[in-house]
Amino acid sequence: LCRGQILEESRRQYRKILHRLAASGAEGIILGCTEISLLVRTATPLPASVTAWSVLLGVGVSVSCGLFFGIFPARKAAKTDPIISLRHE
C-alpha cells in the first residue's frame, strides 16, 4: 500500500479486519438490545425494555443529526469563494 501496490495479502488482511468488525458490531447491537434489560433488571428495580421502535427512533435521530450537521456546513462552504475564505482567516 505504501508504494501504490496493493498485494493480495493486503486484500486478505483488509477483508479479514472488515469481517471481524462487522461481526463484532452486529454482536454488540444484538447483545445490547437483548441483554441490557436483563442487566438493568438485576441492578435496579426499574423496568427496562428495548423495543424496535425505540431502536429505530434512535437510529433515525442519529442519522438526521449527522446529515444535517454534515450537509449544511458543507453546502455553505461549497458556495463560498475560496479567495474570500482565505482572506478572512
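Source: prediction; values computed, not measured. (Residues numbered from 1 in each chain as written. Predicted model: local features only at pLDDT ≥ 70, side-chain atom pairs only at ≥ 80, totals over all residues. Heavy atoms only, no water.)

## Considering the overall build of the chain
So, point 1. Across its full length, the chain holds three helices and zero strands.
So, point 2. Along the chain, from the amino end to the carboxyl end, the secondary structure elements read α-α-α.
So, point 3. Residues counted as buried form 1% of the 89 residues belonging to the chain. (Helix = DSSP H or I, 4+ residues; strand = E, 2+ residues; numbered from the N terminus. Buried < 20%, exposed > 50% of the residue type's maximum accessible area, 1.4 Å probe, protein only.)

## Some points on the packing of aromatic side chains
So, point 1. Evaluation of the coordinates by the stated rule reveals two aromatic pairs.
So, point 2. Seen in terms of ring centroids, Phe68 and Phe72 are 5.6 Å apart; in terms of plane orientation they differ by 5°. Their pairing is stacked. One end of the pair, Phe68, and the other, Phe72, are both in helix H2 (residues 52–79), four residues apart, so they sit about a helical turn from each other.
So, point 3. Three or more aromatic residues link up through ring pairs in this structure, and these residues are Phe68, Phe69 and Phe72. (Phe/Tyr/Trp six-rings, centres within 6.5 Å; stacked < 30°, edge-to-face > 60°.)

## Describing the pattern of salt bridges
So, point 1. Across all of its chains, the model carries one salt bridge by this definition.
So, point 2. Ionic pairing is found between Glu9 and Arg12, a salt bridge with its closest N-O pair at 2.9 Å. Here the residue Glu9 and the residue Arg12 both occupy positions in helix H1 (residues 8–43), the gap between them amounting to three residues, near one helical turn.
So, point 3. For Glu9, a relative accessible area of 44% puts it in the partly exposed group.
So, point 4. Its relative accessible area of 47% is what places Arg12 among the partly exposed residues. (Salt bridge = Lys/Arg side-chain N within 4 Å of Asp/Glu carboxyl O.)

## Things to note about the confidence of the model for the chain
So, point 1. Summing up the model confidence of the chain, the mean pLDDT is 77 and the portion of residues at 70 or higher is 73%.
So, point 2. Per-element averaging of pLDDT across the chain places H1 at the bottom with 73 and H2 at the top with 89. (pLDDT = per-residue confidence, 0-100.)

## Topic: a nonpolar patch on the surface
So, point 1. A surface patch of nonpolar side chains, about 400 Å² in accessible area, is lined by Val55, Val59, Val63, Leu67 and Ile71.
So, point 2. For Val63, the position within the fold is in helix H2. (Patch = residues over 30% accessible without salt bridge, like charges linked within 9 Å, V, L, I, M, F, W, Y side chains within 5 Å. Areas by Shrake-Rupley, 256 points an atom, 1.4 Å probe, with all protein chains shown as cover.)

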